[in-house]
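# Close look at the chain arrangement
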Amino acid sequence: MISVEEALARILSFVDVLEPETRPILDCLGQVLAEDVRSGIDVPPLANSAMDGYAVQASDTIGANANNPRIVRVIGELPAGHWTDDVVQSGTAIRIMTGAPVPHGADAVVQFEQTDEQARKAQGGAIGTVAIYKAAEIGQNIRSAGEDISRGQMVLSRGTALRPAEIGVLASLGFATVQVIRRPRVAILATGDELVMPGQPLPPAKIYDSNTYTIAALVQRYGGIPVILGIAEDRREELSQKIGEGRKADLLLTSAGVSMGDYDIVKEVLAMEGEISFWTVRMKPGKPIAFGTLTATSETGQARRVPHLGLPGNPVSTMVAFEQFARPSILKMLGRTTLAKPTIKAVLAEPIENRDSRRFFARAMVSRENGTFIARLTGPQGSGILTSMALANGLVVVPEDRQRMEAGSLVDVQMLDWPEDVATE
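What counts, and at which threshold
- Residues numbered from 1 in each chain as written.
- Predicted model: local features only at pLDDT ≥ 70, side-chain atom pairs only at ≥ 80, totals over all residues.
- Heavy atoms only, no water.
- Helix = DSSP H or I, 4+ residues; strand = E, 2+ residues; numbered from the N terminus.
- Rg over C-alpha atoms; globule rule 2.2 N^0.38 Å.
- Buried < 20%, exposed > 50% of the residue type's maximum accessible area, 1.4 Å probe, protein only.
- Contact = heavy atoms within 4.5 Å.
- Areas by Shrake-Rupley, 256 points an atom, 1.4 Å probe, with all protein chains shown as cover.
- Expected span 1.5 Å × (residues − 1).
- Bend = angle between axes of the 7 residues up to and from the residue.

A few words now on the overall build of the chain. Helix and strand content of the chain: 9 helices and 27 strands. Compactness check: the chain gives a C-alpha radius of gyration of 31 Å against a globular reference of 22 Å for 425 residues, more than 25% above the reference. When its C-alpha atoms are laid out on the principal axes, the chain stretches across 95 × 60 × 40 Å. Buried positions account for 47% of the 425 residues belonging to the chain. Summarising the internal contacts of the chain: among those between residues at least 6 apart in sequence, 70% fall at separations of at least 24. Summed over its atoms, the accessible surface of the chain is roughly 20,200 Å², and 52% of this surface lies on carbon and sulfur atoms.

And the structure:
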């Protein structure tokens, strides 16, 4: 057996960042920029009003207060998205809406609340003049041209992961498409004579295939494109044919068939179809893992390597092994540089036994109590109890050299989710 760190290092050494593609910006959420983005415009392009109010000359409002208002003549109205050639001169004002360009001559905007607008409108009369109750400073409530972004500025650098905020920035610059590292296509193959696809009748001695759907959902969650190959029975010929289909993908994930049983033949077929690097890791759950590569041909006719990760068959083992090895592989292909799971320190609410010198990933629910993270196990920790993952938002990491972690111990927890009751007090 090799360590978790050595296994991950070997896997990642066979994983490359994928090539770029050009896509509509809304389709790029979670992808990584493959180009620097510079602005061709100022944002905003013109000085504009930050409030609904009156565009004025600040000097006309000096000394204004509720008992001694300054009266100016209203010469027009300017909604957002429109322009006026009217010029604000001393003693005049233009009624202006938020986002409208500041008219020539104005150097401040007095918001409605600091005028008698509401009282005049309540009387039903036209607003020919307006009383200003508070002095304005030059530049008040005016957003200058280029206040956010200036023309020619480097706005987003290559390697940036696109979140909703970055998508919005691209839209504000007028970008309809952008170059990003493409999403990896991840082929998923379940193996085993006992498996039946959901939606079919369940014969005696059979079980429904959950691993395919769990793995596919994880692939989607972390930015990949799942390609479901179905179920291969425990026969070398069928398994070889299905693995051949997986050569078209960027990564092949299989589940089951990597243990020591008579019908666990995935690693044997992998050895025949390609190269195998290792097949056991010092971890629990997830000890039986096969990793190797298959040789394939690219669309341009060049030889390429397709990494293959043979995950265990037990559903919890599959998920834990995916999080440790498949997840960082997908993220690296996407061009991400931070590959580790978010990890926190938490206080263990109950003891954990770990007697076989493997790194133990215990399923736990983490909550925050009085400013401290508390980790509680989700119940029985058997590798076939998938509900232990459904109830968990974190994995307590018990080191190989610790046979027992006592209640009250401070432990590392890899967070699977950040629900609101954990992220906030």
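Structure's up, so let's keep going.
What follows concerns helix α7 (residues 315-333). Look at α7: 25 Å from first C-alpha to last across 19 residues, which is about the 27 Å you get at 1.5 Å a residue. Taken as a whole, α7 carries its principal kink of about 50° at F322. Of all 19 residues that make up α7, 18 are buried, and the element is covered over most of its length. Looking at the residues trailing α7, positive phi occurs at G335, about 90°.

Limitation: the analysis is restricted to geometry and does not speak to function.
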